[in-house]
Every structure is written in C-alpha cells, then in structure tokens.
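# Analysis of the macromolecular model
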Amino acid sequence: MATLRVVEIFDSLQGEGYWTGVAMTFVRLAGCNAPALGLECVRWCDTPDSWEPGAGEEMDVDAIMRCVHLPRLCLTGGEPLLQVDGVVEVVEKAHRQGTRVHLETNGTLEPPTPPVSGPGRLEGARTSFDWVVVSPKPPAYFVDPGWQGLVDELKVVIDERVDVAAAAAERLAAAHPGALVSIQPEYGAGRTSVDRAVALVMSHPEWRLSLQIHKLLGVR
Ligand code: SF4
C-alpha cells in the first residue's frame, strides 16, 4: 500500500468553482513544483506550507480514507500529482467505498492513466477522477497536453496582471472546449482584478465567476 505525505485533512465547504458550497473532505498533499518551475502563483499562493515535499506527515491510503466521511473528497495541494502513485490508490479505495474524488491540479504534470474500469467509477468517466479542476499558472499558463479532453473545469485566477490573465483565459478556453471556465479574481488583488473578472464573465456568458467563499465566510 502506498503512503503519501499529507499536510492536512479537514471537512469544509468547497469555496471555489462549480462545486462552491458543497461539503467535502479536503486532503492537502505535500509538495509543489511551482517554485522550481518559476510559476508566478508563488506570489499569491495561500498554501505555502504545502510546498515542501516533506511537509506534514506520512499516511497510508487506509489511514487517509478513515478520515473521509463525506460523499466527496478533494485532493489538493501543493500539486497532488507529485504523489501520483498514492493518488491513484486513494482514488481506487475511495471509489470502492462510494466516495467521489475531485482533483485540483496546476496542470503541469501529465494525468495518471485511468484504470479501464473500476468499482464505483462513474459511468462514462474519462479519467480516474470524478471532477478535475485544472488551474494553470502564470506566466505561461501551461497545461500538459495529456489533459486534452479530460478537464472538467478550468480555473483562471485574475491577478494584478489582468490583461495577461484575461488573454490566457481566452486561449485556455479555446484549447479545452469541453471544460467549464471559472474566472476567479485573486483574493485581495484589488478592484481592478475584480472588475476585469466580472467584465470577462459578462462578455463570455458561458463562463462563471468564482469567489473564494470560504475566505468571505471566514471558514477554513
Ligand atoms: S501551484 Fe498552487 S500550491 Fe503551488 S504555489 Fe501555485 S497556487 Fe500555491
């Protein structure tokens, strides 16, 4: 059985994107490749305690799943796919007990190869996961080509470089036509970011605004 470095496990409401307001168990995994890749999200990252690969504690898959009591768990980080072998085992175990698995990734790493079939796997699912959120990061907003056709939701944060972020959102939406697009003003980035995010959604009615409601509500 695989073990994973886990920074924290907690129950809360999903604060962002399509599933906003839905109760989930969050499993935050250790390690992030953004600093090494020079990604600019390190400037506004709200989980820098997850960057170190040795952060948190070592847990095996069974121990993780004993902490999951809600119908959905969200694998987040850091960059969860740095621990891809353990992630795949978590997904398999979760599906065996009827738990849906969401993945939040920066998209820089290739997706794990999905099992051809598996107990509890959603009918017609294209990946091992039940919901995949790819949140590409500046400056390049790179998404590994392996994610083509597998992304359920693209989350683009509109930071203070609003023109660059807006152009990236347009390009990414065109490259992933099946994905829901969530436009999220960077929390605390100021009025310009909020105004541009709203304007972007108004000019793309099929997109939606994502607010970090957990921060607005003061919950975890
Ligand atoms: S990829 Fe995510 S966890 Fe890593 S630095 Fe960027 S925002 Fe933070």
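What this report covers is the structure whose coordinates are included nearby. None of these values were measured; they are calculated from a predicted model. In this numbering scheme, every chain counts its residues from 1 along its sequence in written order. With pLDDT at 70 or above as the cut-off, local features in this predicted model cover only qualifying residues; side-chain atom pairs require 80 or more to be listed or tallied, and sums for whole chains, interfaces and linings still use all residues.

This paragraph deals with the overall build of the protein chain. Check the secondary structure of the protein chain and you find 6 helices and 9 strands. Atoms counted for the radius of gyration: C-alpha only. Globule rule: 2.2 Å times the number of residues to the power 0.38. In terms of overall dimensions, the protein chain is globule-like: its C-alpha atoms have a radius of gyration of 17 Å, near the 17 Å expected for 220 residues. Summarising its shape, the C-alpha atoms of the protein chain cover approximately 45 × 35 × 35 Å along the three principal directions. Across the 220 residues that make up the protein chain, the buried fraction comes to 44%. The contacts of the protein chain with a sequence gap of at least 6 include a subset with a gap of at least 24, amounting to 72%. A run of DSSP states H or I qualifies as a helix once it reaches four residues; a run of E qualifies as a strand once it reaches two. Both are numbered from the N-terminal end. Burial in this document is a count-based property: other C-beta atoms within 10 Å of a residue's C-beta are tallied, and the residue is buried at 20 or more, exposed at 12 or fewer, or partly exposed in between, with C-beta positions derived from the backbone. Contacts here follow a simple rule: the backbone-placed C-beta atoms of the two residues must lie within 7 Å.

Here we come to helix 4 (residues 162-175). For helix 4, which comprises 14 residues, the first-to-last C-alpha distance of 20 Å matches the rise-based estimate of 20 Å (1.5 Å per residue) to within 8%. Here helix 4 has its buried residues at Val162, Ala165, Ala168, Ala169 and Leu172. Down the axis of helix 4, the buried side of the element spans an arc of 125°, and every buried residue falls inside it. Among the exposed residues of helix 4, those oriented more than 90 degrees off its buried face are Asp163, Ala167 and Ala174. The span you would expect from a helix comes to 1.5 Å times its residue count less one. In this description, the arc belongs to the directions extending from the helix axis to the C-beta atoms.

Regular strands show a simple pattern: their side chains alternate between the two faces of the sheet. Across the two faces of strand 6 (residues 131-134) the burial is the same, with Trp131 and Val133 and Val132 and Val134 all buried. At least two DSSP bridges between two strands are required for those strands to pair. The sheet contact formed by strand 5 (residues 100-105) and strand 6 spans 4 bridges and is parallel. Note that in strand 6 the partner of Thr105 across the bridge is Val134. Where strand 6 meets strand 7 (residues 153-158), 2 bridges bridge the pair, whose relative direction is parallel.

Take the environment of Glu8 next. With respect to the helices and strands, the residue Glu8 is situated in strand 1 (residues 3-13). Sequence separation of Glu8 and Val101 is 93 residues, and the distance between their C-alpha atoms is 17 Å. Apart from residues no more than four positions distant in its own chain, Glu8 is found in contact with Arg28 and Gly56.

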